[in-house]
Each structure stands twice: as C-alpha cells, then as structure tokens.
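# Architecture and fold: a report
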Amino acid sequence: MKKEKVVGLEGSFAVSEAVRMANADVIAAYPITPQTHIVERLSEMVAEGELDAEFICVESEHSAMSACVGASAGGARVFTCTAGQGLELMHEVLYIPSSMRLPVVAVVANRALSAPLSVWCDHSDMMAVRDIGWIQMLAENNQQAFDLTLCAFRIAEDNEVLFPTMVHIDGFHLSHVIEDMRLPDAEEVAGFIPDYKHPFALDPDKPVSMGCYGPPFIYPETKRAQEVAFENVMPKILETWKVFGDRFGRYYAPVEKYRMEDAKIALLTMGSYSETAMLAIDELRAKGEDVGLIRLRLWRPFPFKEFREAVKGVEVLVVLDRCVSFGMGGPVCSEVKSALYDQQKKPHVVGFIGGLGGRDIPIEGFEYMIQSALEKVKAIERGEEVETEMIGIRE
Amino acid sequence: MSGEKLGWKDLELGCVVTEPGSANEYKTGDWRSERPVRENEKCIKCGICYIYCPEACIEETEDGFFEANLYYCKGCGICAHECPRGVITMVEEVEE
C-alpha cells in the first residue's frame, strides 16, 4: 500500500507537490512579496511540463482571486496561495467563491499585518477572513501541509460541499523550513481525488447566470441557503480525512488531543506552536501535572461538537491566540468561550496572546501560561476581572 | 415577479439563475421620480434619444417616433437633455 519515501522538503515545496499531484488545472497567483515559494515552485513545474496547468501570473492578489473565480466557474480545479497583506488585498473577492459555491483551494502562509511592516508569522491574516464562508484548516508541520492541501481539493470539490477551502500553514515556521516528511507516490495519490464536475460549470449548451444581483426580496434567502450548506460540510470533511488516513496512515480530526487522559488543565493551540506546546506538556507531565493539549485543526466551520467533547472533565482551559482582536482580547479565546457558554459544566477559560509578528514562544512560555492561568482562575473565583494577558512583552 | 415567492430551499446552488434573459423581468422603472413626456409635433425622428438612452429602453414606434418603455425607464433625463428639438420634458411622477 505505501510507496511513500522520506524526503527533506520546505513547507512551501510540500504544498507545491500536493498541488501537482492533485493535477490542478488553473493556478493564478501574484508572485511577489508577501508570496512564498509555493507559487515559485508551481511556476517551475508548469514551465517544465511536470504539471499540465494554466499558470496565470496576475498583477495583484485581488486579480489572483478574481481569475480563480472565473476559472472555477468554468469547471476547472483551481489553486492559489498568498499570505498576510496579500490575503488582505484578496479580501473583497474571497466572498465570491463561497457565496457562488466555487471550490477554489488556497494555501495561506499566515503572517502578521501592517503596521509596522512585518512579514513574520502570526494569525492576524487568517482571523480577518474567518467570516467569509471558506472552510479553514491548519497544519502544524510540513507533512500536514502536504496532507491537508491534498485533502482540501477532495473536500472542496465534493458535490455535497462545493465550498472554497483554505489551508493555513504558519509563515516561515513551515513555509520556509525544511523538514523530513513522507511523500507518497503520485500514482497512489491520483485515485484519492476523484474527477470533478461542477453541476453548474459554464457551458454554452446549458447557460446559467452566476453572481446575479440580489435585491432585498431574495438576498436573505441566499444567505440562509449558504449558511445551511456550510453547516452541513462536516461529514464530508470527516469522510475525506478517514479515507486519507486509511490510505496513508495519517489520521486527522477537527479537534486533536495530546495527552488529554484525565487532564484537568488543557492548553489550546492552533498551527505550528502546537509542536512546541507538546514538548511543554511532556515536561509538565513528567513532573506529574495533569495537563494536556487540544489542537484546533479545523477553524471553519467551527467544530462545536468535537470541541465540547474534547474539554469534558477539563477544569481550566488555557487558550493561546496569535492575533489581537482589538478591544476584544483574542479571537480564538472569545469563540471558545461562546462555544461553551450554554454548557452546564464548563472549564474556566483563560486567554493569552503571544507569538505576534514572529516572536518566538519557547517551551517555558507555555509552562508560564499554564502557571499564570491557575493564578488567574483564583482571581476569577474571588470575583475579580481578569484581562487577556499578552505574554513576553517588555515593560 | 416570481422571485419574490422563492424560499431559500428553492434556490439553485450558489444562487445561479438557470433561465436565460430573466433580467428582462426586473422592473427598473419603479425607481423613477420623473418621466419623459414628448411633444411629437416638434420631433424630427433623428433618434438621438434612442442612441443616448443608457437603459436602452427607448423603442422606435411604427410611425417612426420614439417612446420610452416605462417598465424600464429610470427617469434619468438624458434623452430630454440631448434632444436637439426640445421634444422631451421631464415631468414629476405623482402617486396615483
């Protein structure tokens, strides 16, 4: 079954390999900063004839997504990638494929947003696109960057899904780092993503109008239809990850647990810092503390059921945000709190913000958050207000 | 308009419209605050109003004059402005 070989690949190149094996038909991307090597490698693949795709080199990310929308409306398998400010420039057009049900696949190398100018990693860019109706998932390492990109095509193009899908890899931590990973054989992958036919692809013999004008008498109905369809994508995500796991031996879940057996304290992370957090959990477990780690793999649709299941029995949940929702704390923490609000039995939730603009969080940083959270819980129990703490800030 | 009766479950995937040319049904004329009124005895049938109408809603009649289709006419007044003979006057719409 397994023909996979172990190779050393940069995260960006791992994504490019997945796009090549998925046989993307059209790739539209802006090639200059904040772009990563993903598109550079893909352009080489197309130029060398390794990938039979149309490569559209556009003049901005806004145009990149516009080209993707057109190509996807034509029934093509479409890919683009961007990061940080590029995702922001793309923002206006991101709503189009999700409301027109066009399964564009995008990989975003998460980066901080200006000002001040930063090309380093945090999650500000991905949090700014959390309400646009794209499926969003996160990789922790280069293996997952490859695996999830491959899965994204199968999920997005499923006729019961047909929503654009974004795979987030942390900028630099993954996009520019070489790691060893298992690269499957192209033939083996080919069968994993079925042939795709959009039910309303542009066709002169079956003309349709897309993206029509929606006056007040119909607009709310279109949004209701979109929301219901989006809420129903979860079974297909789970199915794809199951099929992938059975085939390649690596299983993914919307919420993944690490050493959560009997854990009273849980840390919640997303993306590449989950790996550092695992080391911190190992150290704390070695000292006999009842701590575990919850990693959110799927960000949209938010996996309410799986998340509530994961925190059962947890007394203190420590949430790390790599983004500031100004005036609101951390976006992940506030969503986690809202997911728990109606639960009879729920943990105390303590939020931290860290790792902004590429600032490292060492293992001790995670240990600090857990210790500090326990102090904050005592303060909460005394009836005191506890603010979201930004860690590692010089006074 | 039939669309006003559609429920969310009636919509096609991504709200595509499968009936070609259905935009014809859309009554843009109900935005109008002024309507064009013509004095055809001054008209030289030059067709400038027909050419300038941004809504392409002016049609030539059988006897060679021009008439705006009020189902679509938004009342912009460009025809009245461009007419070289002052045939067209914009008259305020009033509630009937």
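Residues numbered from 1 in each chain as written. Chains lettered and ligands numbered in written order. Predicted model: local features only at pLDDT ≥ 70, side-chain atom pairs only at ≥ 80, totals over all residues. Heavy atoms only, no water.

### Here we look at the pairing of strand β7 (residues 165-170) of chain A
Residue and element names in this part refer to chain A. Our working rule: Each residue gets one of three labels from its accessible area relative to the maximum for its type: buried under 20%, exposed over 50%, partly exposed in between, using a 1.4 Å probe on protein chains only. Numbering goes from the N terminus for both helices and strands, where a helix is a DSSP run of H or I of at least four residues and a strand is a run of E of at least two. When DSSP finds at least two bridges between two strands, those strands are taken to pair. Crossover handedness is defined by viewing with both strands directed away from the observer: a clockwise path from the first strand over the helix to the second marks the crossover as right-handed.
The element β7 is extensively covered by neighbouring structure, given that six of its six residues are classed as buried. Every second residue of β7 is oriented toward a common face, with Thr 165, Val 167 and Ile 169 on one face and Met 166, His 168 and Asp 170 on the other, all of them buried. In this structure, strand β5 (residues 105-110) lies alongside β7, joined through six bridges in parallel fashion. Bridge assignment links Ala 106 to a residue of β7, and that residue is Met 166. Relative to β7, strand β6 (residues 135-138) runs parallel, the two being bridged by four bridges. Considered in β7, the bridge of Ile 135 is made with Thr 165. Considered for its hand, the β-α-β crossover made up of β6, helix α6 (residues 142-157) and β7 is right-handed.

### As for the state of the cysteines
All names here are of chain B. As a reminder of what qualifies: Note that a disulfide, as used here, is simply two cysteine sulfur atoms within 2.5 Å.
Summed over all chains, the structure comprises zero disulfides over all chains. Just so you know, Cys 53 is unpaired, no disulfide at all, and the nearest cysteine sulfur is the one on Cys 57, 3.8 Å from it. Relative accessible area serves as the criterion here: at 14%, Cys 53 is assigned to the buried category.

### Some thoughts on helix α10 (residues 273-286) of chain A
A turn of α-helix holds 3.6 residues, and therefore any two residues three or four places apart point the same way. Residues and elements named next belong to chain A. Quick reminder of the rule: The span one expects for a helix is its residue count, reduced by one, times 1.5 Å. Residue contacts follow a heavy-atom distance rule, with two residues in contact if any of their heavy atoms lie within 4.5 Å.
Over its 14 residues, α10 extends 20 Å from the first C-alpha to the last, a length consistent with the 20 Å expected when each residue adds 1.5 Å. Burial in α10 covers these residues: Tyr 273, Ser 274, Thr 276, Ala 277, Met 278, Ala 280, Ile 281, Leu 284 and Arg 285. Next to the buried residues of α10 lie β7, β9 (255-258), β10 (265-269), β11 (291-296), β13 (316-321) and α13 (363-381). Immediately beyond the C-terminal end of α10, within one or two residues, lies Gly 288, with a positive phi of roughly 90°.

### Points about the interface of chain A and chain B
Filter applied, for reference: Computed with a 1.4 Å rolling probe, the buried area is the accessible surface lost when two parts are put together, summed over both parts. When a carboxyl oxygen of Asp or Glu is within 4 Å of a side-chain nitrogen of Lys or Arg, the pair counts as a salt bridge. Here a polar contact is taken to be a pair of N or O atoms separated by no more than 3.5 Å, where protein atoms must pair a possible hydrogen donor with a possible acceptor and residues adjacent in sequence count only if both atoms sit in side chains. Residues were grouped as follows: Ala, Val, Leu, Ile, Met, Phe, Trp, Tyr, Cys and Pro as nonpolar; Asp, Glu, Lys and Arg as charged; and all remaining residues, including Gly, as polar.
Counting residues at the interface gives 21 residues for chain A, matched by 17 residues for chain B. For the pair chain A and chain B, the summed buried area comes to about 1500 Å², and 76% of that belongs to carbon and sulfur atoms. On inspection of chain A and its partner chain B, the count reaches zero salt bridges. Applying the counting criterion to the chain A and chain B interface returns one residue pair in polar contact (both at pLDDT 80 or more). Those elements that place two or more of their residues in the side of chain A that touches chain B are α4 (84-100) and α8 (219-231) of chain A. Ranked by residue count, the leading element in the side of chain A that touches chain B is α8(A), at five residues. Partitioning the side of chain A that touches chain B into residue classes produces 14 nonpolar, four polar and three charged.

### Considerations on the packing of aromatic side chains
Residue and element names in this part refer to chain A. Here is the rule: Two aromatic rings, drawn from Phe, Tyr or Trp (for Trp, its six-membered ring), form a pair once their centres lie within 6.5 Å of each other, and the interplanar angle then sorts them: stacked below 30 degrees, edge-to-face above 60, tilted otherwise. A ring is considered to have a charge above it if a Lys NZ or an Arg CZ atom is located within 6 Å of its centre and within 35 degrees of its normal.
Inspection of the entire model under this criterion finds 14 aromatic pairs over all chains. Considering the side-chain rings of Phe 302 and Phe 307, the 5.9 Å spacing of their centres and the 70° angle between planes classify their relative orientation as edge-to-face. Assigned by exposure class, Phe 302 and Phe 307 land together as buried. Among the aromatic residues, ring-to-ring pairing joins Phe 192, Trp 241, Phe 244, Phe 248 and Tyr 252 into one connected group. The positively charged end of Arg 101 is found above the aromatic ring belonging to Phe 163, 4.2 Å away from the centroid. One residue, Arg 154, lies across the ring of Phe 192, its end atom 5.2 Å from the ring centre.

### Some thoughts on the domain arrangement of chain A
All names here are of chain A. Here is the rule we go by: Those domain boundaries reflect an automatic or database domain assignment.
As far as domains go, chain A holds domain 1 (5-248) and domain 2 (255-390). On a C-alpha basis, the centroid separation for the pair domain 1 and domain 2 is 28 Å. In this assembly, 31 residues from domain 1 lie in contact with 26 residues from domain 2. Of the roughly 2200 Å² buried at the junction of domain 1 and domain 2 (both faces included), carbon and sulfur atoms supply 57%. For the pair domain 1 and domain 2, the number of links is five salt bridges. Between Arg 130 and Glu 335 there is a salt bridge, with the nearest N and O atoms lying 2.8 Å from each other. Joining domain 1 to domain 2, the criterion identifies 15 residue pairs in polar contact (both at pLDDT 80 or more). Of all the secondary-structure elements, those providing two or more residues to the side of domain 1 that touches domain 2 are α5 (124-127), β6, α6 and α9 (234-248). Among the residues making up the side of domain 1 that touches domain 2, the classes are represented as 18 nonpolar, seven polar and six charged.

### Quick look at the nonpolar core
Residues and elements named next belong to chain A. Definition in use: In this description, a nonpolar core means a group of buried Ala, Val, Leu, Ile, Met, Phe, Trp, Tyr and Cys residues linked to one another through side-chain atoms lying within 4.5 Å.
Formed by 55 residues in total, the largest nonpolar core has its most connected members in Ile 27, Phe 79, Ile 135, Leu 150, Ile 169 and Trp 241. If one sorts the elements of this core by residue count, α6 sits on top with nine residues. The residues touching Leu 150, leaving out its near neighbours within four places in the chain, are Ala 18, Met 21, Ala 22, Val 189, Phe 192, Ile 193 and Phe 244. Within the second largest apolar cluster, 33 residues are counted, among which are Cys 68, Val 69, Val 104 and Ala 106.

### What to know about unusual backbone geometry
Omega for the bond connecting Thr33(A) with Pro34(A) falls within 30 degrees of zero, at 10°, which places this linkage in the cis form. Residue position: Pro34(A) is located in the loop between β2 (26-29) and α2 (37-47). Backbone torsion omega between Arg300(A) and Pro301(A) reads -5°, so that peptide bond is classified as cis. On the secondary structure map, Pro301(A) appears in the loop between β12 (298-300) and α11 (304-310). With phi around 70°, Phe172(A) is a residue other than glycine that occupies positive phi space. Even without glycine at this site, Cys15(B) takes up a positive phi of about 60°. Inspection of the secondary structure puts Cys15(B) in the segment before β1 (34-38).

### A look at a negative patch on the surface
Put simply, the rule reads: The patch calculation keeps residues exceeding 30% relative accessible area without a salt bridge and links them within 9 Å when they carry like charges or within 5 Å when they are nonpolar (Val, Leu, Ile, Met, Phe, Trp, Tyr). Here the Shrake-Rupley method, with its probe set to 1.4 Å, supplies the accessible areas, and only the displayed protein chains count as covering residues. Counted as positive: Lys and Arg. Counted as negative: Asp and Glu, with His and the chain ends omitted from the count. Where a charge lies is defined by one atom per residue type: Lys uses NZ, Arg uses CZ, Asp uses CG and Glu uses CD.
Taken together, Glu261(A), Asp262(A), Asp290(A) and Glu315(A) make up a surface patch of like negative charges. Judged by its relative accessible area of 63%, Asp262(A) falls in the exposed class.

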